[in-house]
Every structure is written in structure tokens, then in C-alpha cells.
Amino acid sequence: MPMMRAGKSLVVHGVLLAVLAAASGLSVFSGAVHVPVGEMWGSSIIRLRLARIMLSAVAGAGLSVAGVVFQALLRNPLAEPYVLGISSGAGLGAALAIILGWTAAGAWTLPAVAFAGALATILLVYALAQTGLGPVPVHTLLLSGVIVNAVLGSVLMFLVSVAPSEDLHNVVWWLLGSLQIFDWQLLRAVAVVVAAGVAVTLLLARDLNLMTLGDEAAAHLGLHVERTKRVFFLVASLMTGATVAACGLIGFVGLIVPHSVRLAIGPDHRRLVPASATAGAAFLVLADTFARTAIAPSEIPIGVITALLGGPFFLLLLRRRKSSFGG
């Protein structure tokens, strides 16, 4: 039986890699402007499209693996990377940077401030979840994240409502998600954070398997539960924060992809993590290609595409979860 599962996992991985390669090839030759192949190679257009494909792949992999981690930590299949308020913290930082004119200091200012907002939110959520010297309960962590997310979201909407008209478009466009990238250094920085996060998650995949059994069972099996929680919480939050800092808010990727992959290869995180990373990369590359070409020469914000796909998917999961409890 384990050999069959391993064989199925290899087949799924191969299919996902093929889909990612095909999606990348399609994205290179797709765009608002048709460029003959002979004129494309070596041009600025090919560099821009390649950068966008790479950012899409990195962001999709990071958000998907972060979704896997949060679903295991919170033992809730409806959890996704933005459930703990990280997106609202990054969004608030970005909105402040745009409205206060800090972006004039350089191209890195917006992602840097957004990432700082995400980190501050991480620390705030964990601090609020602390109930003393004992372990941090999962439900308290989740509730703290929901509350922080709601409060920061309200502040963010207030800033949008009072933003000058010349800044409003930039704020809203960033909040809706964008995979346009003009700085290869920023792309490399995000790629390093996501690659390190995926590597750590994969190395500690066995610990994630134990965490899904519950804190008490994991502790009986020799796992240092609180230390493991902190490591995974930090890793997943950093991947999410880096992605949001570069791309804006792109929701539901960490919900759709892990569930779909889990149905194909099972719940073992040693297989689920790398497969989710590949599937997330392919999913976001395809979604971005559709966003760029569906109503060309205009572009649909990538966050709108993922929300349109993720909303019905979330409702389907919710109905299945209710029926499993006899609701």
C-alpha cells in the first residue's frame, strides 16, 4: 500500500510539473499585444513576461504551502494564509506608504513597509493569543487573528475612504493584487524567503503530520508542540508577508490548492508540501495569464480572479464540513 501511494504521488508530481511548464509556455506567448516569436526573444517584453511568470510561480507556491501549514496548525480545513490578519497588516502598511507619499523614496519602499506591517501583525496576533506562561491554544490564536484582521481591515477601509483621489487608484489596485514586477532584486528577495520557507516546511513535514493529531497526542509522541507551533507560524507568516508585500492581496490560493492536492495524494505532508508548491505555482501562472488576456488590452486584477474561483470553492468546503457533522 505505501508503494502504491508513493507511485501515485510521483505520477501526480509529474503531472503538476508538466502543467506548470505548459502554463509558463502559454503565459510567455500570451499578452495584450501580440508579438511575433522572432521579435520576442531578447526583447524587453520577454523579460517582463518572464519576471511576471516567475513572480506568479513564487507567490503561488508560497501561498499554497502557507495554506498547508495553517490548516495543519489550526486543524481546520477552512484556514488559509490570510486568516490571521497578515494580509490586513500588510495592506495597511502599503496604504500608509502610498497615501503619505513614502513611495517617492524608492521602488522598495512599498514592499518594505507592507512587509513590516505583516511582521507587526504577526507579533501582535501571537502576543494577544498568549494566555500566560502556558501553551498558546489554537482556538485563541485563531480568534486573535480574526479580531486583528477585522480591526485592521476597518482602519484600511477608513484610509481608502479619505485617500486623495490621485492616490485612491494606486491603493485599490494594490489591494486587489497585482503581479506586475519591475525590479528583479525584489523578485529575488521574495523568491529567497519563499524557497527557504518551503524548504523548512518540507524538512519538518513529519512534525506537521504529528500536529494534525492534536497537541496532546503530538506531545505524547515526543514533539515539542509549542516550539513547533512557533516555528511553523513564523515560517508560514513570513512567506505570506513576503508575497503580499510584492503582489498585494491575493486570496484563496492557500485554500483551493492544498485541498485539491490533498484529494489527489492524501494528507501526508511529506508529499503534500512539494505537490502543493508546484500546484500553487501552476495555478497562479494560469490565473495571471487569464487575467492579462481575458479583456485585453485591459487587465483584471489577479485577486479578483482568485476570489471568483475561491468563493464557490469555500462554500463547497463549508457545505461538506457541515454535512460531515450531520449539520
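Refer to the structure printed above.
An account of the accompanying structure is given in this report. Please read these numbers as outputs of a predicted model, since none were measured by experiment. (Residues numbered from 1 in each chain as written. Predicted model: local features only at pLDDT ≥ 70, side-chain atom pairs only at ≥ 80, totals over all residues. Heavy atoms only, no water.)

Comments concerning the overall build of the chain
Our working rule: A run of H or I in DSSP counts as a helix once it spans at least four residues, and a run of E counts as a strand once it spans at least two, with each numbered from the N terminus. The globule rule used for comparison is 2.2 Å times the number of residues to the exponent 0.38, while the radius of gyration itself is calculated over C-alpha atoms. Think of it in three bands: residues with accessible area under 20% of the maximum for their type are buried, residues over 50% are exposed, and the middle band is partly exposed, with areas taken using a 1.4 Å probe on protein chains only. Here a residue-residue contact requires only that any non-hydrogen atoms of the pair lie within 4.5 Å. Charge convention: Lys and Arg are scored as positive, Asp and Glu as negative, and His as well as the terminal groups of each chain are ignored. Lys charges are placed at NZ, Arg charges at CZ, Asp charges at CG and Glu charges at CD.
The helix and strand inventory of the chain stands at 14 helices and zero strands. The linear arrangement of helices and strands in the chain, starting from the amino end, is α-α-α-α-α-α-α-α-α-α-α-α-α-α. Since a compact globule built from 327 residues should have a radius of gyration of about 20 Å, the 20 Å found for the chain is in line with a globular shape. Referenced to the eigenvectors of the C-alpha coordinate spread, the extents of the chain come out at roughly 60 × 50 × 40 Å. Classification of the 327 residues of the chain by burial places 52% in the buried group. Within the chain, contacts between residues at least 6 apart in sequence are counted, and of these 76% link residues at least 24 apart. Distance between charge centres in the chain, computed from 19 positive and 12 negative side chains, equals 11 Å.

Some thoughts on the packing of helix H4 (residues 86–99) against helix H5 (residues 109–129)
Let me state the cut-off plainly: Helix axes are fitted only over the stretch in contact, all axes being lines through C-alpha atoms; the angle between N-to-C directions runs from 0 to 180 degrees. In this scheme the handedness of a crossing depends on how the near helix is turned from the far one: anticlockwise by less than a right angle means left-handed, clockwise means right-handed. Side-chain classes follow a simple rule in which Ala, Val, Leu, Ile, Met, Phe, Trp, Tyr, Cys and Pro form the nonpolar group, Asp, Glu, Lys and Arg form the charged group, and the remainder, Gly included, forms the polar group.
Running from N to C, H4 and H5 point in directions that differ by 140 degrees, and their axes come no closer than 7 Å. For H4 against H5, the interelement crossing comes out right-handed. Residues Ile86, Gly89, Ala90, Gly93, Ala94, Ala97 and Ile98 of H4 form the contact with H5, whose participating residues are Leu110, Val113, Ala114, Gly117, Ala118, Thr121 and Ile122. In terms of residue class, the contact of H4 with H5 is made up of ten nonpolar, four polar and no charged.

Remarks on helix H13 (residues 269–293)
To keep it simple, the criterion reads: By this rule, a helix spans an expected 1.5 Å times one less than how many residues it contains.
With 25 residues, H13 ought to run about 36 Å at 1.5 Å a step, and its terminal C-alpha atoms sit 35 Å apart, in line with that. Of all the 25 residues making up H13, 19 are buried; the element is thus mostly covered by neighbouring parts of the structure.

Thoughts on helix H11 (residues 225–247)
Helix length check: H11, at 23 residues, gives a terminal C-alpha distance of 33 Å against a target of 33 Å (1.5 Å per residue), a fit within 8%. Once H11 finishes, Gly248 follows within two positions and takes phi at roughly 80 degrees, a positive value.

Observations regarding the pattern of salt bridges
Operational definition: Within this document, salt bridges are pairs made up of a side-chain nitrogen of Lys or Arg and a carboxyl oxygen of Asp or Glu, the two lying within 4 Å of each other.
In total, this model carries nine salt bridges according to the counting rule given. Arg75 is the partner of Asp215 in a salt bridge, and the nearest nitrogen-oxygen pair spans 3.3 Å. Taken together, the residues Asp215 in helix H10 (residues 215–220) and Arg75 in the loop between helix H3 (44–74) and H4 connect sequence positions 140 residues apart. Residue Arg292 pairs with Asp288 through a salt bridge whose shortest N-O separation is 3.4 Å. On the criterion of helical spacing, the pair formed by Arg292 and Asp288 is a turn pair, its members being four residues apart in helix H13.

A few points about the nonpolar core
We apply this condition: Residues enter a nonpolar core if they are buried and are Ala, Val, Leu, Ile, Met, Phe, Trp, Tyr or Cys, with the set joined through side-chain atoms within 4.5 Å.
Within the largest apolar cluster, 92 residues are counted, with the highest numbers of intra-cluster contacts made by Leu141, Trp174, Phe233 and Ile250. Among the nonpolar cores identified, the runner-up in size contains nine residues, and Ala23, Val28, Ile46 and Val285 belong to it.

Describing the packing of aromatic side chains
What counts is decided by this rule: When the centres of two rings from Phe, Tyr and Trp lie within 6.5 Å, Trp using its six-membered ring, the rings pair. Their planes under 30 degrees apart give stacked, over 60 give edge-to-face, and anything left gives tilted.
According to the stated counting rule, one finds two aromatic pairs in the structure shown. Their ring planes at 70 degrees and their centres at 6.5 Å tell us that Phe70 and Phe233 sit as a pair that is edge-to-face. Of this pair, Phe70 sits in helix H3 while Phe233 sits in helix H11, and the two are 163 residues apart along the sequence. Classification of Phe70 by relative accessible area gives buried; the value is 1%. Three or more aromatic residues joined by ring pairs make a cluster, and in this case those are Phe70, Tyr126 and Phe233.

Things to note about the packing of H3 against H13
Short version of the rule: Roughly parallel covers angles under 35 degrees, roughly antiparallel covers those over 145, roughly perpendicular covers 65 to 115, and oblique covers all other angles.
The geometry of H3 relative to H13 is characterised by a closest axis approach of 7 Å and an angle of 135 degrees between their N-to-C directions. Taken together, the axes of H3 and H13 lie oblique to each other. Like other packed secondary-structure pairs, H3 and H13 cross with a definite hand, here right-handed. Residues Arg49, Arg52, Ile53, Ser56, Ala57, Ala59, Gly60, Ala61, Ser64, Val65, Val68 and Ala72 of H3 form the contact with H13, whose participating residues are His269, Leu272, Val273, Ser276, Ala277, Gly280, Ala281, Leu284, Val285, Asp288 and Arg292. Of the residues belonging to the contact of H3 with H13, the class tally is 13 nonpolar, six polar and four charged.

Points about unusual backbone geometry
In this structure, Phe252 takes a positive phi of about 75 degrees despite not being glycine. Position of Phe252 among the secondary structure elements: in the loop between H11 and helix H12 (253–265).

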